[in-house]
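# Examination of the molecular architecture
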Amino acid sequence: MALQCGIVGLPNVGKSTLFNCLSSAKAQAANFPFCTIEPNVGVITVPDERLNKLAEIEHPQRIVPTTVEIVDIAGLVKGASKGEGLGNKFLANIRETDAIIHVLRCFDDENVVHVDGNINPVRDKEIIDAELQIKDLETIDSRISKVQKQAQTGGDKQAKLAFEVLSKYKGALEKGENARSVSFDSKDEQRTAHDLFLLTNKPILYVCNVDEASAVKGNKYVDAVREAIKGEDAELLVIAAKIESEIAEFETYEERQMFLSEIGLDESGVNRLIKSAYKLLNLQTFLTAGPDECRAWTFHKGWKAPQCAGVVHTDFEKGFIRAEVIKYNDYISYGSENAVKEAGKMNVEGKDYIVQDGDIMHFRFNV
């Protein structure tokens, strides 16, 4: 399941520095706009302590965590929707991602220039919002011109439904609101809305890049961003990218944890960001465990057993018979699969079983 989050932001907000911390793929971090000309893609692992615990029991030949792709996308400036700066590249690249990580500069530093001259993360957010909204409006207007006549004069129910959804989006976008602020009640409306693939309808995580002193509690800039996004279905995370760069230099886990403890943090911002991005995409993890491999598998929350079997292999879904399910806590408590079975704690589930986060699965199938 190839999932992508795009890191976006105005030039010099710290997004490439953050990307470098997230991934072994190194984007050029420099104090000038557009230093990231082509999108840089890094495949990063999703931290999951459960996988390590299972490995301690099974001693497998390999451990395979689940992953998310992070794409560092070229900086955006005002007028990008009209082709200014690297706008066309930006907009094409962001359309291909599943979610947006929007980095906002929430620190003062006279040595790092701001493209607009002063620090105002809410203004910066609104600049990018406006550019994406303009592109979405172009998409909406193009679609409306195709279905409006059919919706108003003909008996085409699908055209009428599409026109109503498009009109609702158009009204919101023209008021400067993002598409994600619009909600629909019926499943047909939701399906039609999803199929439009609007830029401002993508799940979004706002990352406030702060100075070291603000890493734990934030600052006035973070407070302003939090207030500005109250009406959005969005997440907010506070990270000091400069600190994350320092953490990345430590070679051992113990050194990193000692450094974090000294500055009052329990977990690195990078770990928190990866977990937040995973959650943002409404994703969960099921596990497989054995002497050959302990592995984490990504699935969408709410999926049933056959769909999750298909994540492992398409044949597993086609020929699905049943799933043998062990709860993670039971596996750890009893110390082995055999002990869990003997205790009667392994459940046999059918096609309607909704897989839960952390389930340890074994699929039976016949093709």
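## Observations regarding the side chain of glutamine 4
Within the secondary structure, glutamine 4 is located in strand 1 (residues 4-8). When sequence neighbours within four positions are dropped, the list of residues in contact with glutamine 4 reads Glu69, Val71, Glu96, Thr97, Asp98 and Ala99.

## Description of the nonpolar core
Counting residues in hydrophobic clusters, the biggest one holds 56 residues, and the most contacted among them are Cys5, Leu22, Ile70, Ile101, Cys106, Val207 and Leu273. Among all residues touching leucine 273, those that are not within four sequence positions of it are Leu18, Leu22, Ile101, Leu205, Val207, Leu237 and Ile239. One finds Ile140, Ala159, Ala172 and Val182 within the second-largest nonpolar core, a separate group that totals 18 residues.

## Regarding the packing of aromatic side chains
According to the stated counting rule, one finds 5 aromatic pairs in the structure shown. With a centroid separation of 5.3 Å and 75° between ring planes, the pair formed by tyrosine 169 and phenylalanine 184 is classed as edge-to-face. On the criterion of sequence distance, the pair formed by tyrosine 169 in helix 5 (residues 157-174) and phenylalanine 184 in the loop between helix 5 and helix 6 (187-194) is long-range, its members being 15 residues apart. The pair tyrosine 169 / phenylalanine 184 is uniform in exposure class, with both members buried. Every member of this aromatic cluster is reached through a ring pair, and the members are Phe286, Trp297, Phe299 and Phe363.

## Side note on helix 4 (residues 121-153)
End to end, helix 4 covers 46 Å across 33 residues, agreeing with the expected 48 Å (1.5 Å per residue, within 8%). At valine 147, helix 4 shows its maximal kink, close to 45°.

## Quick notes on the packing of helix 1 (residues 15-22) against helix 10 (residues 269-280)
Interaxial distance between helix 1 and helix 10 falls to 10 Å at its minimum, and their mutual angle equals 90°. In terms of their interaxial angle, helix 1 and helix 10 are classed as roughly perpendicular. Counting all contacts with helix 1, which are made through Leu18, Cys21 and Leu22, the residues of helix 10 involved are Val270, Leu273 and Ile274. In terms of residue class, the contact of helix 1 with helix 10 is built from 6 nonpolar, no polar and no charged.

## Some remarks on the pattern of salt bridges
Within this structure, the stated rule accounts for 22 salt bridges. In this structure, lysine 135 and glutamate 138 form a salt bridge, with 3.4 Å as the shortest nitrogen-oxygen distance. One end of the pair is lysine 135 and the other is glutamate 138, both in helix 4 and 3 residues apart, which spans about a single turn. Residue classification places lysine 135 among the buried positions, given a relative accessible area of 18%. Relative accessible area serves as the criterion here: at 37%, glutamate 138 is assigned to the partly exposed category. Across the pair arginine 322 and glutamate 324 runs a salt bridge, and its minimum N-O distance is 3.9 Å. Taken together, the salt bridges that share partners define one network made up of Lys125, Asp129, Arg180 and Glu232.

## Some words on the side chain of aspartate 124
Looking at the element boundaries, aspartate 124 is found in helix 4. Its relative accessible area of 2% is what places aspartate 124 among the buried residues. For aspartate 124, the side chain forms a polar contact with the side chain of arginine 123, separated by 3.1 Å.

## Thoughts on the packing of helix 5 against helix 6
Helices that pack against each other are described as a pair by the angle of their axes relative to one another and the distance between those axes. Between helix 5 and helix 6, the shortest axis-to-axis distance is 10 Å and the interhelical angle comes to 70°. When the interaxial angle is binned, helix 5 and helix 6 end up roughly perpendicular. At the point where helix 5 passes helix 6, the crossing takes the right-handed sense. Of the residues in helix 6, those in contact with Gln158, Leu161, Ala162, Val165 and Tyr169 of helix 5 are Asp188, Glu189, Thr192 and Ala193. Considered class by class, the residues forming the contact of helix 5 with helix 6 number 5 nonpolar, 2 polar and 2 charged.

## Some details on the sheet that holds strand 6 (residues 204-209)
Read across the open sheet, the 6 strands follow the order 2-4-1-5-6-7; overall the sheet is mixed. Across the chains shown, the open sheet's two edge strands, defined by having one partner strand only, are strand 2 (40-45) and strand 7 (235-239). Direction aside, the axes of adjacent strands within the sheet are offset by 25° on average. Sheet topology places strand 5 (residues 99-105) next to strand 6; 6 bridges connect them, and they run parallel.

Criteria and cut-off values
- Residues numbered from 1 in each chain as written.
- Predicted model: local features only at pLDDT ≥ 70, side-chain atom pairs only at ≥ 80, totals over all residues.
- Heavy atoms only, no water.
- Helix = DSSP H or I, 4+ residues; strand = E, 2+ residues; numbered from the N terminus.
- Contact = heavy atoms within 4.5 Å.
- Core = buried A, V, L, I, M, F, W, Y, C linked by side-chain atoms within 4.5 Å.
- Buried < 20%, exposed > 50% of the residue type's maximum accessible area, 1.4 Å probe, protein only.
- Phe/Tyr/Trp six-rings, centres within 6.5 Å; stacked < 30°, edge-to-face > 60°.
- Expected span 1.5 Å × (residues − 1).
- Bend = angle between axes of the 7 residues up to and from the residue.
- Axes fitted to C-alpha atoms, helices over the stretch in contact; angles between N-to-C directions.
- Parallel < 35°, antiparallel > 145°, perpendicular 65-115°, else oblique.
- Nonpolar A, V, L, I, M, F, W, Y, C, P; charged D, E, K, R; others polar.
- Salt bridge = Lys/Arg side-chain N within 4 Å of Asp/Glu carboxyl O.
- Polar contact = N/O pair within 3.5 Å; in protein donor to acceptor, adjacent residues only side chain to side chain.
- Left-handed = near helix turned anticlockwise from the far one by under 90°.
- Pairing = 2+ DSSP bridges.

Read these as geometric descriptors, not functional statements.
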